[in-house]
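One letter stands for each residue in the lines below.
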Amino acid sequence: MMGRNGKGRILALCGGVGGAKLALGLAQIASELLTVAVNTGDDFTHLGLHISPDLDTVLYTLAGLADPLKGWGRAKETWNFMAALKQVGDEDWFQLGDMDLALHVERTRRLSSGETLSAITRIFSKKLGIIADIVPMSDDPVRTQVVTDKGILPFQHYFVRERCSPQVKSIVFAGAEKAALSEGFSAALNDPDLAAIIICPSNPYLSIDPLLSLSGVKEGLAGSPAPVIAVSPLIHGQAIKGPTVKIMAELEVSPNALSIARHYGDLLDGFVVDDKDEDVLAPLNAMGLETRAVSIHMQSLDDRIALASCVLDFANDIRISRNA
Ligand code: FO1
């Protein structure tokens, strides 16, 4: 399997909580070969602080600091700042934990001194003892805007303040057309020795599409010698958490693994579904996709490692069958 005897690097495309679980599994197996390219479309400035939620979720998750229930923010967090904010402020809809604040304050300080998001993320990773290469998808601003029946909402207003209740009409990635890939993302994507590209089980529409919207990404995926494998974020038509199914219904896409595979289209070489979804294997194969059906509900660390191991073996199998 890659990462034990193989030398090729592994590139994972990742959003927030769901994707970070698989990124942790991959890091447990091959952290020194792993690059995790993370969505920054959810970033926003809040109370004067630059918040990068998906980068923070991946950092905390790979550092073993993430809150195990929420998946975002830190474990054993305290909320004195929020209590004090409620006494004097108005914007208390976005929960900022006392320890979590340190990341936002330090990132904001470094950004205002001219450091890039990539450089800051590299420093945070090193300080938190993370070996995998965590990179923002871009150092330029890209902001997910959700076009809803209540108007165009910045991502966190839709996702947190309005709790995903407005009806989604479409999703726009403001700035994507002129944003450059981060150096780390571009280097990994265009690495001729790349052994696998994994699209983690994040929300395709909110968390993966921002990465795919950047110029050069779809071309890089299509041109890479590495197999491109996506893991379904749905099990039997249900998302583990988050608004994926609601958004698919609102976008008039039937909420099943087949729709997800169709959404990624010919970018994929392989698709991993849950063993409860074996009924979609035939239509997936008919699309020309290699498939695997395994348990993809990652509840424990062992589950995360097992799925990561299966995905890396899958990539190896595809590469071997191609070179046969
Ligand atoms: N998600 C919530 O549902 N409510 C919150 O108050 C909240 C605060 C928060 C603070 C820091 C952070 O890194 C993430 C936070 N999230 C919160 C999660 C975040 O909105 C989502 O994880 C991503 O933007 C989408 O995956």
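Residues numbered from 1 in each chain as written. Predicted model: local features only at pLDDT ≥ 70, side-chain atom pairs only at ≥ 80, totals over all residues. Heavy atoms only, no water.

(A) Seen up close, the sheet that holds strand S14 (residues 290-294). With parallel pairing, the seven strands of this open sheet are ordered in space as S5-S2-S1-S9-S10-S13-S14. The open sheet has two edge strands, strand S5 (133-136) and S14, and neither has a second partner. When the angles between neighbouring strand axes are averaged without regard to direction, this sheet yields 20 degrees. On the sheet, helix H11 (residues 257-264) packs against strand S9 (196-199), strand S10 (228-231) and strand S13 (270-274) and is oriented at approximately 160 degrees with respect to S13. Helix-sheet contacts for helix H13 (residues 301-323) involve strand S1 (10-14), S9, S10, S13 and S14, and the interaxial angle to S14 is about 155 degrees. (Pairing = 2+ DSSP bridges. Helix = DSSP H or I, 4+ residues; strand = E, 2+ residues; numbered from the N terminus. Axes fitted to C-alpha atoms, helices over the stretch in contact; angles between N-to-C directions. Contact = heavy atoms within 4.5 Å.)

(B) Summary view of the site of the ligand. Close to the ligand lie 14 residues, the nearest being Asp42, Asp54, Phe94, Gln95 and Gln156. A distance of 2.8 Å separates an oxygen atom of the ligand from a polar backbone atom of Gln95. When the ligand sits alone it has 530 Å² of accessible area, and the protein chains cover 89% of it. Those elements that place two or more of their residues in the shell around the ligand are helix H2 (53-62) and helix H6 (155-161). The element contributing the most residues to the shell around the ligand is H6, with four residues. For the shell around the ligand, the per-class residue count stands at seven nonpolar, three polar and four charged. (Near = heavy atom within 4 Å. Polar contact = N/O pair within 3.5 Å; in protein donor to acceptor, adjacent residues only side chain to side chain. Areas by Shrake-Rupley, 256 points an atom, 1.4 Å probe, with all protein chains shown as cover. Nonpolar A, V, L, I, M, F, W, Y, C, P; charged D, E, K, R; others polar.)

(C) The arrangement of the nonpolar core in detail. Counting residues in hydrophobic clusters, the biggest one holds 51 residues, and the most contacted among them are Leu11, Phe185 and Phe271. When near neighbours in sequence (up to four residues on either side) are disregarded, Phe185 contacts Leu11, Leu13, Ala37, Val135, Pro136, Met137, Leu211 and Val217. By size, the runner-up hydrophobic cluster in this structure holds 44 residues, among which are Ile29, Phe124, Ile130 and Ala308. (Core = buried A, V, L, I, M, F, W, Y, C linked by side-chain atoms within 4.5 Å. Buried < 20%, exposed > 50% of the residue type's maximum accessible area, 1.4 Å probe, protein only.)

(D) The arrangement of the side chain of Thr148 in detail. With respect to the helices and strands, Thr148 occurs in strand S6 (residues 143-148). Within the structure, the side chain of Thr148 is placed 2.8 Å from the backbone nitrogen of Lys150, a separation counted as a polar contact. Setting aside its immediate chain neighbours within four residues, Thr148 contacts Leu153, Tyr158, Pro166, Gln167, Val168 and Lys169.

(E) Main features of the sheet that holds strand S8 (residues 168-174). Taken in spatial order, the three strands line up as S7-S6-S8 in an open sheet, and their pairing is antiparallel. Where the open sheet ends on each side, the last strands, each with one partner, are strand S7 (151-154) and S8. When the angles between neighbouring strand axes are averaged without regard to direction, this sheet yields 25 degrees. In this sheet, S7 lies alongside S6 in antiparallel orientation, the contact comprising four bridges. Its bridge partner lying in S7, Val147 is registered against Ile152.

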